[in-house]
Amino acid sequence: MAAVPATANSAQVNGPCSLSAGQYPAGATREQLSGLTGYKRSSRDAYVQRLKSKGLVEPVAGGVVRITDAGVAALGDDFEPLPTGKALRNYWLERLSGGEREILAMRAGVANPALGSRSA
């Protein structure tokens, strides 16, 4: 699975894990963070712990991790959450290549991956 792309500012706060936390301002489960980053459990937990020790994320009920105001500030002004819905599908279709793109297109029912159009 492709990781969430990092920006220059986000790299200063542990790259994909901080970006993923920023994607879910109300909080994300550790499993969601793994899905977005592609990290194994041990790596994900290590990064979450580093972010927590810097005050950039905080645990909330049910094993959810939420980005703090300091975490949002650390991401910088150039951080933009990934789109949702069809826009997210199109975002990845534009960035993936080869087999990854074809698999996503097939699973999403997209007839022409280059255009992001759905099949009939």
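The structure reproduced in this document is the subject of the present report. (Residues numbered from 1 in each chain as written. Predicted model: local features only at pLDDT ≥ 70, side-chain atom pairs only at ≥ 80, totals over all residues. Heavy atoms only, no water.)

Below, the discussion takes up the side chain of Ser34. Looking at the element boundaries, Ser34 is found in helix H3 (residues 30-37). Every residue in contact with Ser34, bar those within four places of it in the chain, is listed here: Tyr39 and Arg44. (Helix = DSSP H or I, 4+ residues; strand = E, 2+ residues; numbered from the N terminus. Contact = heavy atoms within 4.5 Å.)

By the bridge criterion, 2 bridges tie strand S1 (residues 28-29) to strand S3 (residues 64-67) in an arrangement that is antiparallel. In the strand pairing of S3, Ala28 is matched with Val65. Pairing analysis gives 4 bridges linking strand S2 (residues 57-60) to S3, with the strands arranged antiparallel. Residue Glu58 lies in a different strand from S3, and its bridge partner there is Arg66. Linking S2 back to S3 in an antiparallel pair, the connection comprises 3 residues, with Gly62 at a positive phi of about 75 degrees. (Pairing = 2+ DSSP bridges.)

It is at 9 Å that the axes of helix H6 (residues 85-95) and helix H7 (residues 98-108) come closest, and there the two elements cross at 155 degrees. Of the possible angle classes, the one that applies to H6 and H7 is roughly antiparallel. Seen along the crossing, H6 lies across H7 with a hand that is left-handed. Of the residues in H7, those in contact with Arg89, Trp92 and Leu93 of H6 are Arg101, Leu104, Ala105 and Ala108. (Axes fitted to C-alpha atoms, helices over the stretch in contact; angles between N-to-C directions. Parallel < 35°, antiparallel > 145°, perpendicular 65-115°, else oblique. Left-handed = near helix turned anticlockwise from the far one by under 90°.)

If you trace the 3 strands from one edge of the open sheet to the other, you get S1-S3-S2, paired in antiparallel fashion. In this open sheet, the two strands that pair with only one neighbour each are S1 and S2.

As a further point, take the packing of aromatic side chains. Per the stated rule, a full pass over the model turns up 2 aromatic pairs. Measuring from ring centre to ring centre gives 5.0 Å for Tyr39 and Tyr47, while their planes differ by 20 degrees; the resulting arrangement is stacked. The exposure class of Tyr39 is partly exposed, given its relative accessible area of 22%. Here Tyr91 and Trp92 contribute two aromatic rings whose centre-to-centre distance is 5.1 Å and whose plane-to-plane angle is 90 degrees, an arrangement assigned as edge-to-face. As far as burial versus exposure is concerned, Tyr91 and Trp92 are alike and both buried. (Phe/Tyr/Trp six-rings, centres within 6.5 Å; stacked < 30°, edge-to-face > 60°. Buried < 20%, exposed > 50% of the residue type's maximum accessible area, 1.4 Å probe, protein only.)

A few words on the pattern of salt bridges. A full pass over the atoms with the stated rule returns 5 salt bridges. Residue Arg41 pairs with Asp45 through a salt bridge whose shortest N-O separation is 3.9 Å. Residue Arg41 and its partner Asp45 are both found in helix H4 (residues 41-53); the two are separated by 4 residues, about one turn of the helix. Note that Glu58 is salt-bridged to Arg66, the shortest N-O span being 3.0 Å. Judged by relative accessible area, Glu58 falls into the partly exposed class, the value being 31%. (Salt bridge = Lys/Arg side-chain N within 4 Å of Asp/Glu carboxyl O.)

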